[in-house]
Amino acid sequence: MLKNIARRTATIYGIAFLCLTAACWTIATHYLPATPSDRFPEKLSQEVFVPGKNGKKITYITYRQINGVRTKVSGVVFYDQEHEGIIDYLTFDSKGFIAKSEKFFPKIDLVDEAGMLRRLALYEADGSLFKSHVVHRKDGTLERQGERLRDGRYHIRYYYEDGVSLQRERFFTRNLVLSFERVFRDDSEHTRLSETRLVSSESDKEYSKSFFNYKGVKIARITKSPIVGVKGEVFNESGDKVIAAYERTPWTTQEVYFRVDGTTEQARLSYANSTTAVVFGGDKNTVQYKQTWRSRPPVDGKPARFILTRVIEFDSNQQEIRTIEMVNDGSQPSFISIPLEAKKRLYKYLDGAGNLVRFEVKEGESVITSDTPTKVELVSFDNRIFLRDNPVEIPNYDFYEAGAPAWIYDYEDTQYPRMKPN
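Colleague: If you had to explain unusual backbone geometry to someone new, which residues and values would you point to?
Modeller: The backbone of Asp300 shows a phi angle near 55°, a positive value even though the residue is not glycine. Mapped onto the fold, Asp300 is located in the loop between β20 (286–296) and β21 (305–314).

Colleague: Explain the nonpolar core residue by residue, including any values.
Modeller: The biggest cluster of nonpolar side chains holds 34 residues, and the ones touching the most others in it are Phe130, Tyr154, Phe172, Tyr207, Ala244, Ile394 and Phe399. Listed by contribution, the elements that provide at least two residues to this core are β2 (56–66), β3 (69–79), β4 (87–92), β6 (117–123), β9 (154–159), β13 (207–212), β14 (218–225) and β16 (242–248). It is β9 that provides the largest number of residues to this core, a total of three residues. When neighbours within four sequence positions are excluded, Ala244 is seen to be in contact with Gly232, Glu233, Val234, Val256, Tyr257, Phe258, Val392 and Ile394. Counting 14 residues, the second-largest nonpolar core is a separate cluster that includes Val311, Met326, Leu350 and Phe386.

Colleague: I'd like to hear about the packing of aromatic side chains, residue by residue, with values.
Modeller: For the structure on display, the rule yields 14 aromatic pairs. Taking the centre distance of 5.3 Å and the plane angle of 40° together, the rings of Phe335 and Tyr349 count as tilted. In this pair, Phe335 sits in strand β23 (residues 333–339) while Tyr349 sits in strand β24 (residues 344–350), placing the two residues 14 residues apart along the sequence. Take Phe335: its relative accessible area is 22%, and that puts it in the partly exposed class. Among the residues examined, Tyr349 registers a relative accessible area of 16% and is labelled buried. Look at Tyr400 and Trp407: their rings are 6.4 Å apart centre to centre, the planes differ by 40°, and that puts the pair in the tilted class. Among the aromatic residues, ring-to-ring pairing joins Tyr123, Phe130, Tyr154 and Tyr409 into one connected group. Stacked on the ring of Phe306, the Lys or Arg Arg388 has its end atom at 3.7 Å from the ring centre.

Colleague: Give a detailed account of the side chain of Ser208, specifying residues and quantitative values.
Modeller: With respect to the helices and strands, Ser208 occurs in strand β13. Residue class for Ser208 comes out buried when judged on its relative accessible area of 11%. Discounting chain neighbours no more than four positions away, the residues touching Ser208 are Glu195, Thr196, Arg197, Val199, Arg221, Ile222 and Thr223.

Calculation criteria
Residues numbered from 1 in each chain as written. Predicted model: local features only at pLDDT ≥ 70, side-chain atom pairs only at ≥ 80, totals over all residues. Heavy atoms only, no water. Helix = DSSP H or I, 4+ residues; strand = E, 2+ residues; numbered from the N terminus. Core = buried A, V, L, I, M, F, W, Y, C linked by side-chain atoms within 4.5 Å. Buried < 20%, exposed > 50% of the residue type's maximum accessible area, 1.4 Å probe, protein only. Contact = heavy atoms within 4.5 Å. Phe/Tyr/Trp six-rings, centres within 6.5 Å; stacked < 30°, edge-to-face > 60°. Lys NZ or Arg CZ within 6 Å of the ring centre and 35° of its normal.

Right under this line is the structure:
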């Protein structure tokens, strides 16, 4: 009995539902267009992406039908707390390329969705490169701003904490490789601190960096190449003459010191723990003597130091006069050898006071004659040949400025990449 009542009730509701459906269909066909895609849209007007990449917590993208094509119109990106909770409002052009990005810090009181402007960026036609951009700090001061120049280069200016004083400016090539950077001191004169230039092809990336003193006078220049290594120059007080130059590779270091007139005063070659110093002089500025030094690490409380092991003296014709071999600690001569004819050499052995105690004539390792002097003979030296003379102190300039932003066209605003040696 109950089952029959239930069946009749279901039948009545079913007939009523069919009638209602037919009525709605009649009304819909009267008022709505007949296009099935409009009655049953295949694609939504808004999409949500979560989670995203690079700190993107959630992304909303709004679409619109433009000339029958579903095209991006706008979007909102929310970043996680690790990326300071930045909110990015996106605007797309008629082709769906990004045209504008407005990044905001989160509102402190959380009343509104966004707070102070972090970055405003306008993009080129394809949405991949900046046309211009401006970045602010949390306190509203200007951090940096950039713009595309007519010749295709991109120019960026960085500012000190006050948001007004220029700290550095950079120029990038069309291919977004740094071509020039100038850094300024935070002083009343706003003098240059350094200048960096691309001196080779964009692919080689060889850069030259000049350093300036507090008066704006150039005091040094470093050239760095990923292949060759580092070359440097030190300038005089007026900044117009090179008084020292050096070149460093992973294996060797070469140094050259110049006089005021431009002539070479000394040259050095270092490798492993050995350094050979060549000193020039005389009327023709030829080699006067050649020193060999060994570097010793700190030991027994003594600091790292250089120990002289050998000195070779030359005449004006660049012929060897004599070779002086030093004792183990480099404090005094041990013996000298003088070249003779037919590959023979005269060896003079000295005591602690510099007196001759024995002499030998050798050919190679073979002793031809050996004798002792009949009277005391003091062997004299010019003490300057035993000195490690530094005509110019070469500062250890670092090519990479501590705390400087990375050499890239622009970067994710919330990650602050810093320059690191490559």
